[in-house]
Amino acid sequence: MIYAFNGYTPVVHESSFVHPLAAVTGNVIIGKNCYIGPGAAIRGDWGQIILEDGVNVQENCTVHMFPGKSIVLKESAHVGHGAIIHGANLGRNCLIGMNSVIMDDAEVGDESIIGAMCFVSSEMQIPPRSLVVGNPAKIVKQVSDDMITWKTKGTQLYQQLPKECHDTLNAVEPLREVPNDMKVQDDVYKTLRETFKK
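Predicted model only: the values in this text are computed from it and were never measured.

Topic: the overall build of the protein
Within the protein, the regular secondary structure consists of two helices and 20 strands. For the protein, whose C-alpha radius of gyration is 17 Å, the value lies close to the compact-globule estimate of 16 Å for 198 residues. Classification of the 198 residues of the protein by burial places 42% in the buried group. Partitioning the intrachain contacts of the protein with sequence separation of at least 6 by distance along the chain shows that 15% fall at a separation of at least 24.

Below you can see the structure in the form of structure tokens.
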């Protein structure tokens, strides 16, 4: 659902998809080819939130901030299932792992990868192309060209998803048995481990 709040109405480019079970509120600007999954909450009630082109905010994520702050999720930022972005800025083509928490005034550099369940504390400055893991977060190495290629391919799937949702997502009654002709979905993306297995 899209909600106006205190005189601010969200701006969502027509090529983007906001799931009906997501909540986008107030001073939020969503660029082209963005995907907002069910259960996501993007609350621009106390400050502005900008999602540049190609950003995805997956299921059950929260994007919010302290009063008077504004934040930007730069082009192709990828926010994994259940992550919380609270008053932090995300760099271009970065990956925020599932159930990670990125706190106020933190800066995640371009093409950085934040591991699943990572806790990035307030004001932490993460340089571009950093691989970050743990609670508390620690930079453990630089992101390789192969790793960022893998990440970018995954994000491209999410950038195609808004059009697929606009074209094919429908509320339906469930089938009562599995059809004999049900096909298996294509194997279009591998895990990082599978990608680099020799």
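Focus on helix α1 (residues 145-168)
Compared with the 34 Å implied by 1.5 Å per residue over 24 residues, the 34 Å span of α1 between its first and last C-alpha is a close match. The sharpest bend along α1 reaches about 30° and sits at leucine 161, with the proline proline 162 one to four residues further on. Within the span of α1, buried status applies to Met147, Ile148, Trp150, Lys151, Gly154, Thr155, Tyr158, Pro162 and Cys165.

Some thoughts on the pattern of salt bridges
Under the criterion given, the structure shown has six salt bridges. Note that aspartate 45 is salt-bridged to arginine 43, the shortest N-O span being 2.7 Å. For aspartate 45, a relative accessible area of 18% corresponds to the buried category. Given the relative accessible area of 33%, arginine 43 is considered partly exposed. A salt bridge links glutamate 111 to arginine 129, with the shortest nitrogen-to-oxygen separation between them at 2.8 Å. In this pair, glutamate 111 sits in the loop between β15 (107-108) and β16 (113-114) while arginine 129 sits in the loop between β18 (125-126) and β19 (130-133), placing the two residues 18 residues apart along the sequence. Classification of arginine 129 by relative accessible area gives partly exposed; the value is 21%. Overlapping salt bridges bring together Arg92, Glu111, Arg129 and Asp145 as one network.

The rules behind the values
- Residues numbered from 1 in each chain as written.
- Predicted model: local features only at pLDDT ≥ 70, side-chain atom pairs only at ≥ 80, totals over all residues.
- Heavy atoms only, no water.
- Helix = DSSP H or I, 4+ residues; strand = E, 2+ residues; numbered from the N terminus.
- Rg over C-alpha atoms; globule rule 2.2 N^0.38 Å.
- Buried < 20%, exposed > 50% of the residue type's maximum accessible area, 1.4 Å probe, protein only.
- Contact = heavy atoms within 4.5 Å.
- Expected span 1.5 Å × (residues − 1).
- Bend = angle between axes of the 7 residues up to and from the residue.
- Salt bridge = Lys/Arg side-chain N within 4 Å of Asp/Glu carboxyl O.

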